Amino acid sequence: MRAIGIILAGGNNKRMKELSNKRAISAMPVAGTFRAIDFALSNMSNSHVQKVAVLTQYNSRSLNQHLSSSKWWDFGRKQGGLYVYTPTITAEHGDWFRGTADALYQNLVFLKSSHEPYVIIAAGDGIYKLDYNRVLEYHIEKKADITVVCTALNPADDVSRFGCIKMNEDNRIVEFEEKPVATDATTISCGVYVIRRRQLIELLEKSNDEDRYDFVKDILVRYKKLKHIYGYRMNGYWSNIASLPSYYRTNMDFLKREIRDHFFKEAPGVYTRLADNPPAKYNPGCSVHNAIVASGCIINGMVENSVLCRKVYVGNNCIIRNSVILNDVYIGDNSVIENCIVESRDTIRANTTYIGTPDDIRIVIEKNERYIM
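Here goes a summary of the coordinates provided.

Quick notes on the rules
- Residues numbered from 1 in each chain as written.
- Predicted model: local features only at pLDDT ≥ 70, side-chain atom pairs only at ≥ 80, totals over all residues.
- Heavy atoms only, no water.
- Pairing = 2+ DSSP bridges.
- Helix = DSSP H or I, 4+ residues; strand = E, 2+ residues; numbered from the N terminus.
- Axes fitted to C-alpha atoms, helices over the stretch in contact; angles between N-to-C directions.
- Core = buried A, V, L, I, M, F, W, Y, C linked by side-chain atoms within 4.5 Å.
- Buried < 20%, exposed > 50% of the residue type's maximum accessible area, 1.4 Å probe, protein only.
- Contact = heavy atoms within 4.5 Å.
- Phe/Tyr/Trp six-rings, centres within 6.5 Å; stacked < 30°, edge-to-face > 60°.
- Lys NZ or Arg CZ within 6 Å of the ring centre and 35° of its normal.
- Arc of directions from axis to C-beta.
- Polar contact = N/O pair within 3.5 Å; in protein donor to acceptor, adjacent residues only side chain to side chain.
- Salt bridge = Lys/Arg side-chain N within 4 Å of Asp/Glu carboxyl O.

Focus: the sheet that holds strand β18 (residues 302-304)
So, point 1. Taken together, 5 strands build an open sheet; the order of strands is β15-β18-β21-β24-β27 and the sheet is parallel. The sheet is open, and its two edges are formed by β15 (287-289) and β27 (353-355), each paired on a single side. Taking the axes of each pair of neighbouring strands and ignoring which way they run, one obtains an average angle of 5° across the sheet.
So, point 2. Looking at chain direction, β15 and β18 are connected through 3 bridges and run parallel. By the bridge assignment for β18, His-289 is matched with Glu-304.

Focus on the sheet that holds strand β25 (residues 340-342)
So, point 1. Read from one edge of the open sheet, 5 strands run β16-β19-β22-β25-β28, paired in parallel fashion. Strands with a single pairing partner mark the edges of an open sheet, and in this sheet they are β16 (292-293) and β28 (362-364).

Considerations on the nonpolar core
So, point 1. Leu-41 and Met-44 are the most contacted members of the largest nonpolar core, which has 40 residues in total.
So, point 2. Contributions of two or more residues to this core are made by β1 (3-9), α1 (37-46), β4 (51-56), β6 (118-123), α5 (132-141), β11 (187-196) and β12 (229-233).
So, point 3. If we skip the residues at most four places from it in the chain, Met-44 touches Gly-5, Ile-6, Ile-7, Val-49, Val-52, Phe-75, Ile-120, Ala-122 and Tyr-132.
So, point 4. Ile-4, Phe-97, Phe-110 and Tyr-193 belong to the second largest nonpolar core, which has 33 residues in total.

Digging into the packing of aromatic side chains
So, point 1. Counted by the stated rule, this structure contains 15 aromatic pairs.
So, point 2. Both rings, one in Phe-263 and one in Phe-264, keep their centres 6.3 Å apart while their planes meet at 50°; by these two values the pair is tilted.
So, point 3. Grouped by ring-pair contacts, the aromatic residues Phe-34, Phe-39, Tyr-237, Phe-254, Phe-263 and Phe-264 constitute a single cluster.
So, point 4. Against the face of Trp-72 rests Lys-71, its NZ or CZ located 4.7 Å from the ring centre.

Describing α5
So, point 1. Within α5, the full set of buried residues consists of Tyr-132, Val-135, Leu-136, Tyr-138 and His-139. Along the axis of α5, the buried positions cluster into a sector of 160°, meaning they face one direction only. Residues Arg-134 and Glu-141 are exposed on α5 and point more than 90 degrees away from its buried face.
So, point 2. Considering only its buried residues, α5 is in contact with α1, β6, β7 (126-128), β8 (146-152), β11 and β12.
So, point 3. A side-chain oxygen of the first residue of α5 lies 2.9 Å from the backbone nitrogen of Asn-133; this N-cap is Asp-131.

Some points on the pattern of salt bridges
So, point 1. Tallying each qualifying case throughout the model produces 16 salt bridges.
So, point 2. Two residues, Lys-265 and Asp-261, come together in a salt bridge whose shortest N-O distance is 3.9 Å.
So, point 3. The exposure class assigned to Asp-261 is partly exposed, which follows from its relative accessible area of 22%.
So, point 4. A salt bridge links Asp-328 to Arg-345, with the nearest nitrogen and oxygen atoms 3.2 Å apart. Of this pair, Asp-328 sits in the loop between β22 (324-325) and β23 (330-331) while Arg-345 sits in the loop between β25 and β26 (347-348), placing them 17 residues apart in sequence.

As for the pairing of strand β10 (residues 173-178)
On any regular strand, side chains alternate: one points to one face of the sheet, the next to the other face.
So, point 1. The sheet contact formed by strand β9 (residues 163-167) and β10 spans 5 bridges and is antiparallel. Bridging from a neighbouring strand, Lys-166 pairs with Glu-175 of β10.
So, point 2. What sits between the antiparallel neighbours β9 and β10 is a turn of 5 residues, in which Asn-171 has the positive phi angle 70°.

Digging into unusual backbone geometry
So, point 1. Across the junction of Ala-267 and Pro-268, the peptide omega takes the value -5°, indicating a cis bond.
So, point 2. Mapped onto the elements of the fold, Pro-268 is located in the loop between α9 (257-264) and β14 (281-282).
So, point 3. Located in the positive-phi region is Asn-305, a residue other than glycine, with phi close to 50°.
So, point 4. Here Asn-305 shows up in the loop between β18 and β19 (307-308).
So, point 5. Its relative accessible area of 22% is what places Asn-305 among the partly exposed residues.

On their own, these measurements won't tell you what the molecule is for.
Quick look at the structure:
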């Protein structure tokens, strides 16, 4: 591969509410077994990008632990490898990453010490499968300065979360609005970019000299008329989980056969860090319908249209509907949970009821939670 990879996994926002208080968004569990960052890492590995840096910052403990071994994504090699970078206090500066461009600038050593001519930059909170080789070939064919992977706007999504794009007939970007309140654009950025390494270094150094720290606002939007910036349309499934409704909806999407087959049956695969848990156990009298049940779970009650992450215990006579139960949750007997997301390490007492609505998903966090993963 003629490119190195950089995954931006340090951001945080209030759209995830309490779920992002103790973990990075890129570390959020998805589809029972995976973390959000697994999808970008798997795309890098499957595209034979051998050298990948992950830039972390907020609430990064569990994310760093997840990334503690590179072998799960086949980066444990002598040439290349997986690197995890956090903000570093130096004689020149003592700041955290002040934005995406600043995060890249503070790790210029990684860019300057590499020899590959191109860089693939990807967000760590996108759920998708993509061959980055095709994007790179398109980038070279168009003689682009920067290529932005984009997709059609989902009507269910809040447009103010995304960069909105307008392109001409040649797919050159002519308008780029970052998180507008309203727009007539129907195409959004997926947070994946291809750029020549030397040009990226030059743009980052110039932006830093001018106290500009955001990659989208201070590079893509600012240079859209000066640089040849093209859009690469991605037609497959794509979702960004960085809001509570989209996180819930993405997990519910994996209950659809076509989505599961796309990610888990069609090559190439999606990889994650494995846990030595026993298989899920379904005790007599339980009822499970249209659900994802990860390893280590024990089911005694009823589970319907739900995603259960690793090591979830469902007690007798429980009813779990339309919910996402995160890792290592104990649900006591006779409990009812509907239209909810239950935080990791919670213990739900017996005879407890939590009910949200499809338009107002409820986050369940008991005070007796143990620790967050």
